[in-house]
Amino acid sequence: MSTYTTIIGIDVSKNVLDINELTNSNNKSYSIKNTNLEIRIWLSKIKTKNTLFVLEPTGCYSQRVLYFLRNLSFDVSLVNPSQSHNFMQVLGITNKNDVQAAKALALMGQRLDLPLYNHRTDDMENRKQLLTTISGLKKQRQMLKNQLHAFNHQIVFATKAVESLKTILQTVEIEIQELEEQLNTLDDEEIEHQLELMQSVVGIGSKTAQALICATGGIQNFKQPQQLAKFLGLAPSSHISGSSVYKKGGITKKGNAEVRACLYMATRSARKYNKSCKDLYDRLRSIGKCHKVAAVAVMHKLVKQVFGVVKSGNPFDNQYYLKFNVN
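**Details of the environment of glycine 205**
So, point 1. For glycine 205, the location among the structural elements is in the loop between helix 7 (189-199) and helix 8 (206-216).
So, point 2. Along the primary structure glycine 205 and serine 269 are separated by 64 residues, whereas in three dimensions their C-alpha atoms are 9.8 Å apart.

**Looking at the packing of aromatic side chains**
So, point 1. This structure, assessed with the given rule, holds five aromatic pairs.
So, point 2. Look at tyrosine 67 and phenylalanine 68: their rings are 5.4 Å apart centre to centre, the planes differ by 80 degrees, and that puts the pair in the edge-to-face class.
So, point 3. Relative accessible area serves as the criterion here: at 39%, tyrosine 67 is assigned to the partly exposed category.
So, point 4. Given a relative accessible area of 12%, phenylalanine 68 falls into the buried group.
So, point 5. Taken together, Trp42, Phe53 and Phe74 form an aromatic cluster joined through their ring pairs.
So, point 6. Note that arginine 271 overlies the ring of tyrosine 281, its terminal NZ or CZ placed 5.3 Å from the centroid.

**Things to note about the pattern of salt bridges**
So, point 1. For the coordinates displayed, the defined rule picks out seven salt bridges.
So, point 2. Close ionic contact of lysine 138 with glutamate 180 constitutes a salt bridge, the shortest N to O distance being 3.3 Å. Of the two residues, lysine 138 sits in helix 5 (residues 122-152) while glutamate 180 sits in helix 6 (residues 159-185), which places them 42 residues apart along the sequence.
So, point 3. On the basis of relative accessible area, lysine 138 is assigned to the partly exposed category, the value being 29%.
So, point 4. Put simply, aspartate 282 and lysine 278 hold a salt bridge, and the shortest N to O gap is 3.0 Å. Taken together, the residues aspartate 282 and lysine 278, both in helix 11 (residues 275-286) and four residues apart, mark about one turn of the helix.
So, point 5. The exposure class of lysine 278 is partly exposed, given its relative accessible area of 36%.
So, point 6. Three or more residues joined by partner-sharing salt bridges are found here, namely Asp123, Arg127 and Glu192.

**Some details on the environment of phenylalanine 307**
So, point 1. In this structure, phenylalanine 307 sits in helix 12 (residues 291-312).
So, point 2. Each residue touching phenylalanine 307, except ones within four places of it in the same chain, is listed here: Ile219, Phe222, Lys223, Gln224, Pro225 and Leu228.

**Notes on the packing of helix 5 against helix 6**
So, point 1. It is the contact of helix 5 with helix 6, at a shortest axis distance of 9 Å, that shows an interaxial angle of 155 degrees. The pairing of helix 5 with helix 6 is recorded here as roughly antiparallel in orientation. In this structure, helix 5 crosses over helix 6, and the sense of that crossing is left-handed.
So, point 2. Split into classes, the residues belonging to the contact of helix 5 with helix 6 amount to 16 nonpolar, four polar and eight charged.

**Quick look at unusual backbone geometry**
So, point 1. Of note, the phi angle at asparagine 50 is positive, near 55 degrees, even though the residue is not glycine.
So, point 2. Its location among the elements puts asparagine 50 in the loop between helix 1 (36-44) and strand 4 (51-55).
So, point 3. In this structure asparagine 50 comes out as partly exposed when scored by relative accessible area, which is 36%.
So, point 4. Although it is not a glycine, serine 73 adopts a positive phi angle of roughly 60 degrees.
So, point 5. Topologically, serine 73 is positioned in the loop between helix 2 (63-71) and strand 5 (75-78).
So, point 6. Given a relative accessible area of 54%, serine 73 falls into the exposed group.

**Quick look at helix 2**
So, point 1. Among the residues of helix 2, Val65, Leu66, Phe68 and Leu69 are the ones counted as buried. In a view along the axis of helix 2, the buried residues occupy a sector of 165 degrees, so they form one face of it.
So, point 2. Next to the buried residues of helix 2 lie strand 1 (6-12), strand 2 (16-23), helix 1, strand 4 and strand 5.
So, point 3. In the segment just after helix 2, serine 73 is the residue with positive phi, at about 60 degrees.

So, how was this worked out
- Residues numbered from 1 in each chain as written.
- Predicted model: local features only at pLDDT ≥ 70, side-chain atom pairs only at ≥ 80, totals over all residues.
- Heavy atoms only, no water.
- Helix = DSSP H or I, 4+ residues; strand = E, 2+ residues; numbered from the N terminus.
- Phe/Tyr/Trp six-rings, centres within 6.5 Å; stacked < 30°, edge-to-face > 60°.
- Buried < 20%, exposed > 50% of the residue type's maximum accessible area, 1.4 Å probe, protein only.
- Lys NZ or Arg CZ within 6 Å of the ring centre and 35° of its normal.
- Salt bridge = Lys/Arg side-chain N within 4 Å of Asp/Glu carboxyl O.
- Contact = heavy atoms within 4.5 Å.
- Axes fitted to C-alpha atoms, helices over the stretch in contact; angles between N-to-C directions.
- Parallel < 35°, antiparallel > 145°, perpendicular 65-115°, else oblique.
- Left-handed = near helix turned anticlockwise from the far one by under 90°.
- Nonpolar A, V, L, I, M, F, W, Y, C, P; charged D, E, K, R; others polar.
- Arc of directions from axis to C-beta.

The structure is reproduced here in structure tokens:
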């Protein structure tokens, strides 16, 4: 049960914030426009003490309210959409609308012990936006290269079309280079130290480390490696009931898909040169596990190693596994 006297659930959409304000003696619903001015005016009337805000992250549409909540030092809990959906089903709400969603979020904050959200710093937000833009441009670059490749196999083609594609490709290449240079100029000692520690883990490169930092807001926000693995969607799922039902599923895949893709690529190096990961991969393959299952296990191992070096503040020791025979 929550110890807050006021719980405010917010259902975020592009133009409107539907709000449910829940106290011990009152429960009221209202809405405001999702604009900087409206949010500032609204929050100026709310007391910071003993107030918790609960909302679902909705990409760019929730950034405004999160920004102002951070600057005013309000406590915030972010709820996964699947969590709120399941909670509404428990409440017996079958016809969902924005008002009911806001009320359900407020009730979640009142009845459950939700973890507090660690707000991103401006540097972290800039880093995330740069990485997202670079990733999008790289996809566009590959698409342009594929189109040019297709033209190379055409006997008859429009010269102007090829020239246009080459011009756009050149522009995209320049922008990627400039954005990557900008990313390297970001100066945050704490984040840079975390990135350095992460990249000391054999198999973790710059791209994977940056993706982990941006997806998590900093590894130091997690207390256990299992929490980090679950957040990234690498936790195994299962369904056990009595003695007759035992279903062991795959990983949940509820986290950031791009981070998992980076970690999967990292296993190619880790299973060869990271001694602990190599032993794990070889052992699983020797007992008949397929490559994918063994690779996911290595991904999980890498996450635990990243968590360990960041929490300890000590660079990765590839001989640690051999010294202490740790699996």
